[in-house]
Amino acid sequence: MSQRGALTCLRAAAGWLRRSAAVLAALALLGTDTMAAGAQALDAPRALAAEAAQAAQRGQPLLLLFSLPGCGYCDVVRRNYLLPLTRDGDEQARPVVREVGLAGTAPFTGFNAQASSGAALAAHYQVRIAPTVLLLDARGALLAPPLVGGDVSGMYGAYLDAALAQAQRKIASQ
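Keep in mind that this is a model prediction, so the values were computed, not measured.

1. Side note on the environment of alanine 167
Moving on, step 1. Along the polypeptide, alanine 167 turns up in helix H5 (residues 156-173).
Moving on, step 2. Remark: the alpha-carbon pair of alanine 167 and proline 61, spanning 106 residues in sequence, is separated by 6.3 Å.
Moving on, step 3. The contacts of alanine 167, once residues within four sequence positions are left out, are Pro61, Leu135 and Leu143.

Following this line, the structure appears as structure tokens:
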């Protein structure tokens, strides 16, 4: 290869490295955990059967957000969609919303009155992706298909509203 050809290849490689570095930097920003920046967290579960029964008495589902630390999509779902559900309107008309670590080991009481953890609950419901939101009845049965993944198309609010409406109709008919 001539010196001129080698220089052209070197410049092409340097351009590729700059573009790759820019893409990696953008991906790192998307995955940044903004919880450290002071974003409010959702409550962790304590006793799922009691929390689901409380939600059912209101005619609402129990919403469980399965998340991972450092998950930017989890933060968007938490901050933009689920936290407002815990604050807006009359408290007696709100769903009960809890956040569970997808790989979490912190203990809480499951639907069967036995000790459980986020990892065990995720395995039970076959949750493998964060964020995933489940809408459950007082027995722990799914009321709507799980909402899997983040808000990449700007339609998450519509999907959540549809799932909530479906869950509320099922609870009303039980």
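After that view, the rundown keeps rolling.
2. Looking at the packing of aromatic side chains
Moving on, step 1. Enumeration over the complete set of coordinates arrives at 1 aromatic pair.
Moving on, step 2. Their ring planes at 45° and their centres at 5.0 Å tell us that tyrosine 81 and tyrosine 156 sit as a pair that is tilted. You can see tyrosine 81 sitting in helix H3 (residues 72-87) and its partner tyrosine 156 sitting in helix H5, a full 75 residues away along the chain. Both residues of the pair, tyrosine 81 and tyrosine 156, count as buried.

3. Focus on the pattern of salt bridges
Moving on, step 1. Under the criterion given, the structure shown has 7 salt bridges.
Moving on, step 2. With a closest N to O distance of 2.6 Å, aspartate 75 and arginine 79 form a salt bridge. Here aspartate 75 and its partner arginine 79 are both found in helix H3, 4 residues apart, which amounts to about one turn of the helix.
Moving on, step 3. Owing to a relative accessible area of 2%, aspartate 75 belongs among the buried residues under this scheme.
Moving on, step 4. Accessibility expressed as a relative area gives 36% for arginine 79, which makes it partly exposed.
Moving on, step 5. The partner of glutamate 99 in a salt bridge is arginine 78, and the shortest N-O contact between them spans 2.7 Å.

4. So, the sheet that holds strand E2 (residues 96-101)
Moving on, step 1. The 4 strands are arranged E2-E1-E5-E6 in an open sheet whose pairing can be described as mixed. Two strands in the sheet have a free side with no partner beyond their single neighbour: E2 and strand E6 (147-148).
Moving on, step 2. The pairing of strand E5 (residues 132-136) with E6 spans 2 bridges and is antiparallel. Opposite valine 133, over in E6, you have leucine 147 as the bridge partner.
Moving on, step 3. The strands touched by helix H2 (residues 48-57) are strand E1 (62-67) and E2; relative to E1, the strand with the most contacts, the crossing angle is about 130°.

5. Let's talk about the confidence of the model for the protein
Moving on, step 1. Of all residues in the protein, 78% attain a pLDDT of 70 or more, and the chain-wide mean is 84.
Moving on, step 2. Note that residues 19-38 has pLDDT below 50 and, in this model, 14 contacts with residues that lie over four places away or in other chains.

Cut-offs used in this document
All residue numbers refer to position in the chain's written sequence, counted from 1. Residue-level local features of this predicted model are given only where pLDDT is at least 70; pairs of side-chain atoms are given and counted only at 80 or more, and the full residue set underlies all totals for whole chains, interfaces and linings. Neither water nor hydrogens contribute to the side-chain values; these are computed over all heavy atoms in the structure. A run of H or I in DSSP becomes a helix once it reaches four residues, and a run of E becomes a strand once it reaches two; helices and strands are each numbered from the N terminus. Contact between two residues is taken to exist if any of their heavy atoms lie within 4.5 Å; hydrogens are not considered. Aromatic pairing here means that ring centres of Phe, Tyr or Trp (its six-membered ring) are within 6.5 Å. Orientation follows from the plane angle: under 30 degrees is stacked, over 60 is edge-to-face, and everything else is tilted. For every residue, the accessible area obtained with a 1.4 Å probe (protein chains only) is divided by the maximum for its type, and the residue is called buried under 20%, exposed over 50%, and partly exposed between those limits. Whenever Lys or Arg places a side-chain nitrogen within 4 Å of a carboxyl oxygen from Asp or Glu, that contact is recorded as a salt bridge. The pairing criterion is simple: DSSP has to find at least two bridges between the two strands. Geometry is summarised by axes, namely lines fitted to C-alpha atoms with helices restricted to the contacting stretch, and by angles between N-to-C directions that run from 0 to 180 degrees. What pLDDT conveys is the predictor's confidence in a given residue, as a value from 0 to 100.

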